Amino acid sequence: MTIFEIYSAMSLELDICMAQNLGDRKEQQDRIAVFAHPKVPNITLCVLADGMGGHEGGALAADQVIHTARLSLSQYDPDVETPEHFLETLFNDTHTLIKSSRFINEKDPHSTAVFLLLQPGLAMWAHCGDSRIYFLRGVQVLRRTVDHSYVQRMISQGRITPLEAKTHPQRGMLTTSLGGRDAPHFDIDHIEHPEPGLSFILCSDGLWAYFSDEEMGVICGTQTAKGACQHFINLARNRAHGYGDNVSLIVVKLFEKDDDEEDDEYEDDDEDEDEE
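Residues numbered from 1 in each chain as written. Predicted model: local features only at pLDDT ≥ 70, side-chain atom pairs only at ≥ 80, totals over all residues. Heavy atoms only, no water.

Participant: Looking at this structure, I do not really get helix α7 (residues 225-240). What am I missing?
Facilitator: Within an α-helix, residues lying three or four positions from one another point in the same direction, as the helix has 3.6 residues per turn. A rise of 1.5 Å per residue sets the reference length of α7, with its 16 residues, at 22 Å; its end C-alpha atoms lie 22 Å apart and thus fit the reference within 8%. Among all positions of α7, only A225, G227, A228, C229, F232, I233, L235, A236 and A240 are buried. Residue H241 follows α7 closely and has a positive phi angle near 55°. (Helix = DSSP H or I, 4+ residues; strand = E, 2+ residues; numbered from the N terminus. Expected span 1.5 Å × (residues − 1). Buried < 20%, exposed > 50% of the residue type's maximum accessible area, 1.4 Å probe, protein only.)

Right, here's the structure in full:
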C-alpha cells in the first residue's frame, strides 16, 4: 500500500491492484506497471501498454513503453517541468524508440499506451490507441477516454452505433499508435485536488470489450481494488467463450488516510497477476 500526500490539508491512501490474464492467446503482449518516483516523494506513475506487431513484435513494443516510462519518471522534476510536458515527452520518446527498433529487430512493433500520473494536488492521465482509462466517483463513471480507432471515428461521424461497433470486422483497427508510421496522437486529461472516493481503471481492449460503462462503475465502486480486478478478469474470461484476447488492468482507488496507520511502502503483494 502506498500513502500518497495529495496536499497539505489532506492525505490519501492508494489502494492499487494490477492484474493480467493470457486469455486464449499464445503470447502475452500486454504490459502493466506502477512506479513510485525514486527521488521525489508522493509521485506515482501507472502504465499500461497493449503491444501489436506479430509474434514477439507486440511484446517488444509494450516492453519499450514500460522501460521508457520508468526511465522518464526517474528524470522528472515537477519543480522545473509541467506534468503535461512530461507526458507529451514520454509519448514522443517512446514512439521514437519503438519505431527505431524496427530496423534492429526486423519486426513491426507498435503499441497503445495509457498513463496515470499522481502527484500532490493533481491526477493527470493520457492515452494513445484503444486502451482506456476510466475515471470514477463511487459507482459512477465520470469520464473515460475516447478510443483512437476506426470504429470510434465512424461512431463519432454517426455512421454506426456503439452496439454495431462491437461486432464490426474492423473494430481492432487503430488510427494512431506508438511506433506507427505517423507521429502519434494522444489525449491528456486531469483533475485537481483528487479526493477520497475517486477511482481509476486502466485497461486494455481485452477487458473493456465485455463491459458497459455502468457495469465498470458498479464492479469498481463496490469492491476493493483486488476484488474488482479478480471480478473483472473472471467475467471477461467467462464472456470470451474461448476466444478472448490478453486481459490487463490496473485499478487505483483513493481513500482518506487513517491517522492511526503508519506509512507503508508499495509491496509486490498488492499485485495480482493471473497468467492462467
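Participant: I would appreciate a short explanation of the pattern of salt bridges in the present structure.
Facilitator: Side chains bearing opposite charge may pair, as long as their charged atoms lie close to each other. Enumeration over the complete set of coordinates arrives at eight salt bridges. Measuring nitrogen to oxygen at the nearest pair gives 3.1 Å for the salt bridge that ties R237 to D24. Taken together, the positions of R237 in helix α7 and D24 in the loop between β2 (10-21) and β3 (30-36) put the pair 213 residues apart, joining distant regions of the chain. R137 is the partner of E195 in a salt bridge, and the nearest nitrogen-oxygen pair spans 3.4 Å. Remark: R137 occurs in strand β8 (residues 132-137) and E195 occurs in the loop between β10 (187-192) and β11 (198-203); sequence separation between them is 58 residues. The class of R137 is partly exposed, set by a relative accessible area of 42%. (Salt bridge = Lys/Arg side-chain N within 4 Å of Asp/Glu carboxyl O.)

Participant: Just to check I follow, could you spell out the packing of aromatic side chains for this structure?
Facilitator: Across all of its chains, the model carries seven aromatic pairs by this definition. Consider the rings of W125 and F135, whose centres lie 5.4 Å apart with planes at 40°: the pair is tilted. With W125 in strand β7 (residues 122-128) and F135 in strand β8, this residue pair connects regions lying ten residues apart in the sequence. By relative accessible area, W125 is classed as buried at 2%. Judged by its relative accessible area of 4%, F135 falls in the buried class. Between R132 and the ring centre of W208, over which it is positioned, the NZ or CZ distance is 3.5 Å. (Phe/Tyr/Trp six-rings, centres within 6.5 Å; stacked < 30°, edge-to-face > 60°. Lys NZ or Arg CZ within 6 Å of the ring centre and 35° of its normal.)

Participant: I would appreciate a short explanation of the nonpolar core in the present structure.
Facilitator: Nonpolar side chains in soluble globular proteins tend to be buried together. With 27 residues, the main nonpolar core has L45, V47, V65, L73, F86, F91 and F115 as its most contacted residues. Mapped by element, the contributors of at least two residues to this core are β3, β4 (44-52), α1 (57-75), α2 (83-105), β6 (113-119) and β7. Per element, the largest residue contribution to this core is six residues, and it comes from α1. Ignoring sequence-local partners within four residues, the contact set of L73 consists of F35, A36, H37, I43, L45, F86 and L117. (Core = buried A, V, L, I, M, F, W, Y, C linked by side-chain atoms within 4.5 Å. Contact = heavy atoms within 4.5 Å.)

Participant: Looking at this model, I keep getting lost on the environment of G57. Mind explaining?
Facilitator: You can see G57 is positioned in helix α1. Classification of G57 as buried rests on a relative accessible area of 0%. As for G57 and R102, which are separated by 45 residues in sequence, their C-alpha atoms are 8.9 Å apart. Once residues lying within four places of it in the same chain are set aside, the contact partners of G57 are M52, K107 and P109.

Participant: Which parts of the structure should I look at to understand the packing of helix α6 (residues 213-221) against α7?
Facilitator: Packed helix pairs are specified by the crossing angle of their axes together with the interaxial distance, meaning the distance between the axes. The interhelical angle for the contact between α6 and α7, taken along N-to-C directions, is 140°, at an axis separation of 8 Å. Classified by the interaxial angle, the pair formed by α6 and α7 is oblique. Here the hand of the crossing between α6 and α7 comes out right-handed. In this structure, α6 contributes E215, M216, I219 and C220 to the contact, and α7 contributes A228, H231, F232, L235 and R239. Its residues assigned to classes, the contact of α6 with α7 shows six nonpolar, one polar and two charged. (Axes fitted to C-alpha atoms, helices over the stretch in contact; angles between N-to-C directions. Parallel < 35°, antiparallel > 145°, perpendicular 65-115°, else oblique. Left-handed = near helix turned anticlockwise from the far one by under 90°. Nonpolar A, V, L, I, M, F, W, Y, C, P; charged D, E, K, R; others polar.)

The quantities given are spatial measurements derived from coordinates; they are silent on function.
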